[in-house]
Amino acid sequence: MATGLVTHPDCLAHVTPAHVHEQPARLALVLQALEGLPVFRYAAPLASDDSILTLHTPAYLDHIRASVPAEGFTMLDPDTDEETFLSPSSLPALFRTVGGVQKAIDLVLSGELTNAFAAVRPPGHHAERELPMGFCFFGNVALGAKYALGHHGLARVAIVDFDVHHGNGTQALLWDEPRALVITSQQMPLWPDTGDVSETGAHDNVVNVPLAPGTGGKAMRDAYEARVFPRLDAFRPELLLVSAGFDCHAADPLSDLAWVEEDYEWLTHRLCDIADRHCGGRMVSTLEGGYDLDALAASAATHVRVLTERSG
């Protein structure tokens, strides 16, 4: 068995204004950092409209298409810190990011791979049903869960989101989906100001793990041991999806947490333990945040290196 890396050059063509933290350089440096790792590489396909419409509306999809500018930028989410822009070459990146997660799921569920990392952008965990926000347009991981449940017929899919910002979009899109367990840890208080422990989903299928500013590796590990891993063991997922945001790093400019590469190494190993116990090792992770370029590249390389070690 092996680890897969799914990506596409179109994901580098989604350009944002110079002041926006979510830049093509993020993905470029991640891919550079992954060079030399023993992974099988695959091209991310374009997702179909139908697959996106499992969670987003036709009107919203039409709005995204109509908003792509002929030149310059279109701002869709006028948020002070997390502005969301489209540029002339953005649309293929949006569709390949969803398609890349689906491709990784196909490869893992077919048995061709044990696990996979979708190195794609833009991120997706803030996008809601009809609302782009926080650099995100489509709910990449939430759509991946619906794809695994619908297209592949799974009964239980779990998502773990360890980005520093709460995955409000993933939570909202899967709020009413009893077959999906959504677990997110996030700094609180912090934009988008959601993710309280009281937000538990329509079927007790949402678990939020707020972390106070300054939280380092020891407190993070204690929180995951106490609240995350027991819920995953009780749920017994058939596939584990990971929203891999690396902006909890102590060097990140958008957060106040204090994780380091060794914390991502520990967390990846523990998630692989869960996948081994319940999913035959089947785990798919995809890139979300991370905005200090050196910390992002090093942390992503650590995460994928562990996946390769665990794929056997």
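The structure displayed is predicted, hence computed values, not measured ones.

**Student:** Please explain the state of the cysteines as it appears in this structure.
**Tutor:** Here, the word disulfide means a covalent bond between the sulfur atoms of two cysteines. If you walk through the whole model with that rule in mind, you get 0 disulfides. In this structure C248 is a free cysteine whose sulfur lies 15 Å from that of C136, the closest cysteine sulfur available. Owing to a relative accessible area of 1%, C248 belongs among the buried residues under this scheme.

**Student:** How should I be thinking about the sheet that holds strand 5 (residues 115-118) in this particular structure?
**Tutor:** Through backbone hydrogen bonds, the strands of a sheet pair up, either in parallel or in antiparallel fashion. Taken together, the 8 strands give an open sheet; going across it, the order is 2-1-5-10-9-6-7-8, and neighbouring strands pair in parallel fashion. Here the strands that pair on one side only, and so sit at the sheet edges, are strand 2 (40-43) and strand 8 (206-211). Ignoring which end each strand starts from, the neighbouring axes of this sheet average 15° apart. Here 4 bridges tie strand 5 to strand 10 (residues 283-287), and the two strands are oriented parallel to one another. In the strand pairing of strand 10, N115 is matched with M283.

**Student:** Got a minute to help me understand the confidence of the model for the protein chain in this structure?
**Tutor:** Low-pLDDT stretches of the model should not have their predicted coordinates read in fine detail. Here the protein chain averages 97 in pLDDT, while 98% of its residues score no lower than 70. For the protein chain, strand 3 (residues 74-77) is the element with the lowest average pLDDT, namely 90, and strand 6 (residues 157-161) is the one with the highest, namely 99.

**Student:** How should the packing of aromatic side chains be read in this particular structure?
**Tutor:** One pair of aromatic rings is described through two measures. These are the centre distance and the angle between the planes. Taken as a whole, this structure holds 10 aromatic pairs when the rule is applied. Look at F73 and F85: their rings are 6.1 Å apart centre to centre, the planes differ by 75°, and that puts the pair in the edge-to-face class. Of the two residues, F73 sits in the loop between helix 3 (58-67) and strand 3 while F85 sits in strand 4 (residues 84-86), which places them 12 residues apart along the sequence. With a relative accessible area of 40%, F73 lands in the partly exposed category.

**Student:** When you look at helix 3 in this model, what are you seeing that I'm missing?
**Tutor:** Along an α-helix, residues three or four positions apart point the same way, because every turn accommodates 3.6 residues. Buried residues of helix 3: Y60, L61, I64 and S67, and no others. Along the axis of helix 3, the buried positions cluster into a sector of 135°, meaning they face one direction only. Set apart from the buried face of helix 3 by more than 90 degrees, the exposed residues are P58, A59, D62 and A66. Of the surrounding secondary structure, the elements contacted by the buried residues of helix 3 are helix 2 (49-52), strand 3, strand 4 and helix 4 (90-109).

**Student:** Please explain the environment of G139 as it appears in this structure.
**Tutor:** Its location among the elements puts G139 in the loop between strand 5 and helix 5 (140-150). Each C-alpha atom, one on G139 and one on T97, is 9.7 Å from the other, the two residues being 42 residues apart in sequence. Among residues more than four places away in sequence, those in contact with G139 are H56, G124, A127 and L173.

What counts and how
- Throughout, residues of each chain are indexed from 1 in the direction in which the sequence is written.
- Confidence filtering applies because this is a predicted model: local features only for residues at pLDDT of at least 70, side-chain atom pairs given and counted only at 80 or more, and all residues used for totals across whole chains, interfaces and linings.
- Working from all heavy atoms in the structure, the side-chain values ignore hydrogens and water.
- Working definition: a disulfide is two cysteine sulfur atoms within 2.5 Å of each other.
- Throughout, exposure labels follow a simple rule: accessible area from a 1.4 Å probe, protein chains only, divided by the maximum for the residue type, with under 20% read as buried, over 50% as exposed, and the rest as partly exposed.
- At least two DSSP bridges between two strands are needed for those strands to be called paired.
- Where helices and strands are cited, they refer to DSSP runs of H or I of at least four residues and of E of at least two residues respectively, numbered from the N terminus.
- Convention adopted: a line fitted to C-alpha atoms gives each axis, helices being fitted over their contacting stretch, and angles between N-to-C directions are expressed from 0 to 180 degrees.
- Looking at any residue, its pLDDT shows the predictor's confidence there, from 0 to 100.
- Two rings belonging to Phe, Tyr or Trp (six-membered ring only in the last case) form a pair when the distance between their centres is within 6.5 Å. Interplanar angles under 30 degrees mark stacking, angles over 60 mark edge-to-face geometry, and anything in between is tilted.
- Our arc is simply the arc of the directions from the helix axis toward the C-beta atoms.
- The contact criterion used is simple: two residues touch if any of their non-hydrogen atoms lie within 4.5 Å.

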